[in-house]
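Topology and contacts: notes
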Amino acid sequence: MRVFSLLATLAASATVVLAATVQYDFSVDWVQANPDGDYDRTFIGINGEWPPPPIKCNIHDRVIVNVTNNLGNEPTAIHFHGLFMNGTNAMDGPAFVTQCPVPAGNNIIYNFTVDQPGMYWYHSHYGGQYPDGLRAPFIVYDPDEPFAGQYDEDTYLSVSDYYHQSIPWLTANKFLTLTNPTGGEPIPDAALFNNSQNIKFKVEPNKTYKIRIVNMGALVSQYIWFEGHDFKIVEVDGIYVEPTDASMIYITVAQRYTILLTTKNSTDTNYPMIASFDTTMLDHVPNSLVWNVTGWLTYDENAAFPEPAMIDQYDFYDDFNLVPVEKEQPYEPDYQVSVSVKMNNLGDGVNYAFFNDISYVAPDVPALYTVMSSGNLSTDATVYGANTHTYVLGYQEVVEIVLNNLDKGTHPFHLHGHTFQVVERSPAAPDANTYLTYDSANPGTVNEYPMRRDTVYVRPNGYFVLRFKTDNPGVWFFHCHIEWHLEQGLALVLVEAPLEIQSRQVIPEDHYAACKAGGYAYEGNAAGNTVNLLDLSGEKLQPKPLPAGFTARGIVAMVFSCISAFAGMGFITWYGLSDLKSTELEVAEALGEPLDDSDESK
Amino acid sequence: MVQIFNVSIFFVVLRESLEASVVISVLLAFIKQGVGKSADDPKVYKALVKHVWVGAAIGLLICLVIGGAFIATWYTLGTNAWGTSEDIWEGVLSIVASIIISIMGLAMLRLNKMKEKWRVKITKALEGSKVRGKGWFRRFMRKYAMGILPFVTILREGIEAIVFVGGVALSSPAKAFPLPVVCGLAAGSSVGYFMYKGGDYMKIQYFLIVATCFLYLVAAGLFSKAIWFLQNFVWSHRIGGDLAETGEGPGSYDIRQSVWHVNCCNGLTSGGWMIFNAIFGWQNSATYGSVLSYNLYWIALCVSVMLMIFQEKRGHYPFLKSWTEKRKVAKRAREEKKRLDAMYQDLDAHETDSETKEVSISVV
């Protein structure tokens, strides 16, 4: 027995010795670039370059990212999308959830281990900042992947939408304003392949390429296909799946697909590869918008580069039917979170997004810091605020999220800290006035081994059902990954096992230092109250609803208008009844003297 | 219902036809009382009456033709050239209509004064129509003076009506014209008839007071609507294409300008509320502009009525007593001079002409 444990310890330490530490020093600053050749603009770059460099590591490595904010005029915060941050919730990144925004001139260190293989990405999680440029791939290599040795080269490809104007300007002037009452999202100006266009993706004949694809956009899902080539999907969002043949994928923002693509055995010609916007997600499609972006699988630089062919319809593989390599049957839920997605206008005339009737408003104190400073009250959802839509979850339970989409748009939802089983996903409703909602008595299609990932879309007027295990104590954000909708408040907070967070985790000093430097509160409940945690006066709330019908102002106006009208009619009557007297006068005048021809009434 | 009956048109036509029928009834009353030597000869009486009616009928016919042609041309040339500036057109036309109605409205309440004035005018016209000179035109005028007067009056009132109706109702659909025109003519003619019959003056006056009250409610509503349309134009341009999507709900109005808003009862589109909109200027989404303008209109009206009553009682507007006196004196001096000149001319003519000084109307 002791030998066995000794051997186990040796084995473990061997792994530890093999696991390296990867350090990145990031200076976040402004960089000029022109990715679509149409418009030179300033981006948020890292270390003077845009696009920002990818982070690469091996599985089980420790990653340390030392971020200094040299933007000068904006705070920032970085989230490592898809990484569980198990035991290190403070490194997850969303502002006012697990940290304060890092003000200009300050720095923060993200220090965590990565125990998941596959393709991820990192991006700003402050306001709607990342489409201004702070996003790049995060690649985790795994020598033990199921398809090891089946490919010749491991590479990556990104797609995104692209805006010429800066996000803060668009938000204030075009989006979150009362002159945009329908909440129409700003239309992107172009589509990008690898932060560029018309790229030449060099390939050699008769080779298999492992291509990790990520959509780093702000809004639009894209269809991706390679003319003349089919491929196998082998991983989604860090979950290995049984290799599945496909010719086209539909990838929403924040999702990742890893494919194995085998090239042809001739170098006669090059083949177009296309990424195409799902234009149904756009409020309207302007005539000037080119919603496709092209590249070529380049076999031979000197061969022809044909134009892509038009297609009649998008024949993409529905990711619902992917089967994970580690097969799990649907979990039995212990607890259900049920929300409906709505969009509506509030009293300031602006269009907001709601889960049930709550539009997320960030608290004064990041939720994780409230956990750390609220002792036993951390299990009472009240302390996290009335407008943060917080649910407190137990430890080692199965939680089911039922989401009914009462909006006619497609939305990709992302859960921090977990992957989840996609147990059900309804088709789109047949028309704009019908809604398909979850009915546990009449369930829809459930696969034997449900697909798992960390970002999944719901169809217009449809619903989905997700299940996951609460095996990762931490404060986890659940939100729509369309940046515009996040700004509109389409988010909620899951506080998972708060007592375990308190007992096992520590917030590093430099995180608190960033709060102090920015003047943010870092202790107490959502209103910053450290004395009486159940007293939330002064907390941030969503705007009041629009007045329904007559307010005091309207009634006063109506009453005064009626009084004026009656007064006016009174005067008219008086004038009419006084005709007799004046007429006699006039007649007398007329008979006595010539009548005055310049009559007022004519 | 509002789509086939435009209230403003009704009131304009009512007012003009009232005036015209006053003229006719005065003329007929004169003839009855013996002007034109008709007291002696029933045949002469009947002929004179016929002249009046024929003259009136021809005048009316010409007016209807001109009016119809005008409206038809206007509508075939297409009034839908407004496009995106429709709100501005509606706004401006409504202000014009409101002003026109306001100015002419109070005159209806001085109908008796109108009648006396016409009596005097016609007397002068008949006295003064010793149309000198030969020439077949002058002879024709003399012969048919009793027919020409109503003809000219009706023509003038009718053209006035067409112009006013045009100003008041160009934004209505073409089928909103015939019914109110007919109703207005009918109502105006019947009031004139009652006046001729010497009917109960008070009853007529009550009718006229009620009619005028309605008229001014409509005018106030029009003024309020005009301001509302102009504000709506500004708002629809700020939110661009979204206006179509927002319907009556949030976003279809500017929350900062809103005094009240209900998501129903739209005065421009929904059934019974359109009548409220036509008569009172009701909007389901009122702005500060539309409410303030409504109240200011009534205040202005009250002040105007007070000034007019003052003037009628005292003969001058407040603070303008001496100025009015001076004008009256000057006017009288001019009138006196004209009368003396006419007398001298007469004496000259009498010497060279063989005609008598009698009212020279001969009947064939």
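Residues numbered from 1 in each chain as written. Chains lettered and ligands numbered in written order. Predicted model: local features only at pLDDT ≥ 70, side-chain atom pairs only at ≥ 80, totals over all residues. Heavy atoms only, no water.

1. Structural notes on the overall build of chain B
Operational definition: Helix and strand definitions follow DSSP, with helices as H or I runs of at least four residues and strands as E runs of at least two, each counted in order from the N terminus. Residue contacts follow a heavy-atom distance rule, with two residues in contact if any of their heavy atoms lie within 4.5 Å. Accessible areas in this description were obtained via Shrake-Rupley with a 1.4 Å probe; residue shielding takes into account the shown protein chains only.
The secondary structure content of chain B amounts to 12 helices and two strands. Helices (α) and strands (β) of chain B occur, in sequence order from the N terminus, as α-α-α-α-α-α-α-α-α-β-α-β-α-α. Long-range pairs, those at least 24 residues apart, make up 77% of the contacts in chain B with a sequence separation of at least 6. Of the roughly 19100 Å² that chain B leaves accessible, carbon and sulfur atoms contribute 67%.

2. Observations regarding the overall build of chain A
How we decide: Each residue is placed in one exposure class: buried if its accessible area under a 1.4 Å probe, protein chains only, is under 20% of its type's maximum, exposed if it is over 50%, and partly exposed if it falls in between. Positive charges come from Lys and Arg alone, negative charges from Asp and Glu alone, with His and the N- and C-terminal ends not counted. For this purpose, a charge sits on NZ of Lys, CZ of Arg, CG of Asp or CD of Glu.
Each helix and strand in chain A was counted, giving eight helices and 30 strands. Expressed along its principal axes, the backbone C-alpha trace of chain A runs to roughly 135 × 70 × 55 Å. Buried residues in chain A amount to 56% of all 602 residues. Element-wise, carbon and sulfur atoms account for 52% of the exposed surface of chain A, whose accessible area totals about 24000 Å². The distance from the centre of the 30 positive side-chain charges to the centre of the 72 negative ones in chain A is 7 Å.

3. Focus on the confidence of the model for chain A
The following threshold applies: For every residue, the pLDDT score states the predictor's confidence, bounded by 0 at the bottom and 100 at the top.
Confidence along chain A averages 92 in pLDDT terms, with 93% of residues attaining 70 or more. Contacts from residues 593-602 of chain A, a stretch scored under 50 in pLDDT, to residues over four places away or in other chains number 22 contacts.

4. A closer look at the sheet that holds strand β4 (residues 62-69) of chain A
Residues and elements named next belong to chain A. Here is the rule we go by: Two strands pair under a simple rule: DSSP has to find at least two bridges between them. To define axes, lines are fitted to C-alpha atoms, for helices over the stretch in contact only, and angles between the resulting N-to-C directions are given on a 0 to 180 degree scale.
Strand order across the open sheet formed by four strands is β2-β1-β4-β6, with mixed pairing between neighbours. One side of each edge strand has no neighbouring strand; the edge strands of this open sheet are β2 (41-46) and β6 (107-113). Taken pair by pair, the neighbouring strands of this sheet meet at an average axis angle of 20 degrees, ignoring direction. Sheet topology places strand β1 (residues 21-33) next to β2; six bridges connect them, and they run antiparallel. Paired with Val31 across the strands is Phe43, a residue of β2.

5. What about the environment of Ser8(B)?
Within the secondary structure, Ser8(B) sits in helix α1 (residues 7-33). In sequence terms Ser8(B) and Ile279(B) are 271 residues apart; their C-alpha atoms lie 9.0 Å from each other.

6. Considerations on the nonpolar core
We apply this condition: Grouping buried Ala, Val, Leu, Ile, Met, Phe, Trp, Tyr and Cys residues that are joined through side-chain atoms within 4.5 Å yields what is termed a nonpolar core.
Among the nonpolar cores identified, the biggest contains 109 residues, and Phe80(A) and Phe138(A) are the most heavily contacted of them. Considering every element that reaches this core, the biggest residue donor is strand β18 (residues 271-277) of chain A, with five residues. Residues within four places of Phe80(A) in sequence aside, it is in contact with Ile55(A), Val65(A), Met85(A), Met91(A), Asp92(A), Tyr110(A), Phe112(A), Trp121(A), Tyr122(A) and Phe138(A). Grouped together as the second largest cluster of nonpolar side chains are 55 residues, Ala565(A), Ile122(B), Leu208(B) and Ala219(B) included.

7. Here we look at the sheet that holds strand β23 (residues 398-405) of chain A
What the six strands build is an open sheet, ordered β21-β20-β23-β28-β25-β26 (chain A); its pairing is mixed. Two strands in the sheet have a free side with no partner beyond their single neighbour: β21 (351-355) and β26 (452-453) of chain A.

8. A look at the pattern of salt bridges
Residues and elements named next belong to chain A. Quick note on the threshold: The salt bridge definition used is simple: a Lys or Arg side-chain nitrogen within 4 Å of an Asp or Glu carboxyl oxygen.
Applying the stated criterion across every chain yields a total of 21 salt bridges over all chains. Of the charged contacts in the structure, one is a salt bridge between Lys210 and Asp154, with a shortest N-O distance of 3.4 Å. One end of the pair, Lys210, is in strand β12 (residues 208-215); the other, Asp154, is in strand β9 (residues 153-162), and 56 residues separate them in sequence. Between Asp319 and Arg425 there is a salt bridge; the shortest N-O distance is 2.7 Å.

9. So, the packing of aromatic side chains
Cut-off, in case you're wondering: Here is the rule: rings of Phe, Tyr and Trp (six-membered ring for Trp) pair when centre to centre is within 6.5 Å. Planes less than 30 degrees apart are stacked, more than 60 are edge-to-face, and the remainder are tilted.
For the coordinates displayed, the defined rule picks out 39 aromatic pairs over all chains. An angle of 80 degrees between the planes, with centres 5.6 Å apart, marks the rings of Phe96(A) and Tyr520(A) as edge-to-face. Of this pair, Phe96(A) sits in the loop between β5 (78-81) and β6 while Tyr520(A) sits in the loop between α6 (509-518) and α7 (552-577); the two residues are 424 residues apart in sequence, bridging distant segments of the chain. Residue Phe96(A) is classed as buried on the basis of its relative accessible area, which comes to 16%. With relative accessibility at 25%, the residue Tyr520(A) sits in the partly exposed group. Judged by centre distance (6.4 Å) and plane angle (80 degrees), the ring pair of Tyr294(B) and Trp298(B) falls under edge-to-face.

10. A closer look at the state of the cysteines
Simply put, disulfide is the name for a covalent bond between the sulfur atoms of two cysteines. The condition that has to hold: Here, a disulfide means two cysteine sulfur atoms that sit within 2.5 Å of each other.
The tally for this structure, following the rule as stated, stands at two disulfides over all chains. Bridging Cys100(A) to Cys515(A), the disulfide has an S-S length of 2.0 Å. One disulfide, between Cys100(A) and Cys515(A), carries an S-S torsion of 90 degrees and so falls in the right-handed class. Of this pair, Cys100(A) sits in the loop between β5 and β6 while Cys515(A) is found in helix α6, placing the two residues 415 residues apart along the sequence. The class for Cys100(A) is buried, based on a relative accessible area of 1%. With a sulfur-sulfur separation of 2.2 Å, Cys264(B) is cross-linked through a disulfide to Cys265(B). Taking the sign of the torsion about the S-S bond as the criterion, the disulfide between Cys264(B) and Cys265(B), at about -60 degrees, is left-handed. Judged by relative accessible area, which is 16%, Cys265(B) ranks as buried.

11. Re the packing of α7(A) against helix α11 (residues 288-314) of chain B
Counted only if it meets this: In what follows, roughly perpendicular refers to angles from 65 to 115 degrees, roughly parallel to angles under 35, roughly antiparallel to angles over 145, and oblique to any angle outside these ranges. By the definition used in this description, the sense in which the near helix is turned from the far one sets the handedness, with an anticlockwise turn below a right angle giving left-handed and a clockwise turn giving right-handed. Three classes are used: nonpolar for Ala, Val, Leu, Ile, Met, Phe, Trp, Tyr, Cys and Pro, charged for Asp, Glu, Lys and Arg, and polar for all others, with Gly counted as polar.
It is the contact of α7(A) with α11(B), at a shortest axis distance of 9 Å, that shows an interaxial angle of 20 degrees. Taken as axis vectors, α7(A) and α11(B) run roughly parallel relative to one another. Remark: the crossing between α7(A) and α11(B) carries left-handed chirality. Here the contact of α7(A) with α11(B) is built from residues that sort into 19 nonpolar, four polar and two charged.

12. Topic: the environment of Pro330(A)
Residue and element names in this part refer to chain A. Its location among the elements puts Pro330 in the loop between β19 (292-298) and β20 (335-345). The class of Pro330 is partly exposed, set by a relative accessible area of 27%. Sequence separation of Pro330 and Phe468 is 138 residues, and the distance between their C-alpha atoms is 9.5 Å.

13. Details of a nonpolar patch on the surface
The condition is simple: Each patch is assembled from residues with relative accessible area greater than 30% and no salt bridge, linking like charges that lie within 9 Å and nonpolar side chains (Val, Leu, Ile, Met, Phe, Trp, Tyr) that lie within 5 Å.
On the surface, a cluster of nonpolar side chains totalling about 740 Å² of accessible area is made up of Trp574(A), Tyr288(B), Leu292(B), Leu296(B), Ile299(B), Val303(B), Met306(B) and Leu307(B). With seven residues, α11(B) is the largest single contributor of residues to the nonpolar patch. Checked against the element boundaries, Trp574(A) lands in helix α7.

14. Considerations on the pairing of strand β15 (residues 239-246) of chain A
If a strand is regular, its side chains alternate between the two faces of the sheet. Residue and element names in this part refer to chain A. Note that strand β14 (residues 231-236) and β15 share five bridges and pair antiparallel. Across the sheet, Val236 pairs through a bridge with Ile239, a residue of β15. In this antiparallel pair of consecutive strands, β14 and β15, the connection spans two residues, and Asp237 shows a positive phi of 50 degrees.

15. Examining helix α3 (residues 86-105) of chain B
Rule in force here: A helix is expected to span 1.5 Å multiplied by its residue count minus one.
For α3(B), with 20 residues, the first-to-last C-alpha span of 28 Å sits near the 28 Å given by 1.5 Å per residue. Of the positions making up α3(B), those classed as buried are Asp87(B), Glu90(B), Gly91(B), Leu93(B), Ser94(B), Ala97(B), Ser98(B), Ile100(B), Ile101(B), Ser102(B), Met104(B) and Gly105(B).

16. Comments concerning unusual backbone geometry
Residues and elements named next belong to chain A. That bond from Trp50 to Pro51 is cis: its omega, 5 degrees, falls within 30 degrees of zero. The backbone of Asn47 shows a phi angle near 55 degrees, a positive value even though the residue is not glycine. A relative accessible area of 41% places Asn47 in the partly exposed class. With phi around 55 degrees, Asn195 is a residue other than glycine that occupies positive phi space. If you trace the backbone, Asn195 turns up in the loop between β10 (190-193) and β11 (199-202).

17. What about the pairing of strand β30 (residues 491-496) of chain A?
All names here are of chain A. The buried fraction of β30 amounts to six of the six residues, a majority that puts the element mostly inside the structure. Burial of β30 is two-sided: the residues Ala491, Val493 and Val495 facing one way and the residues Leu492, Leu494 and Glu496 facing the other way are all buried. In the sheet, strand β22 (residues 390-393) pairs with β30 via four bridges, with the strands oriented parallel. Pairing of Leu393 across the sheet is with Glu496, part of β30. Judged from the six bridges that link them, strand β29 (residues 474-480) and β30 form a sheet pairing that is antiparallel. Bridge pairing links Phe477 to Val493 in β30.

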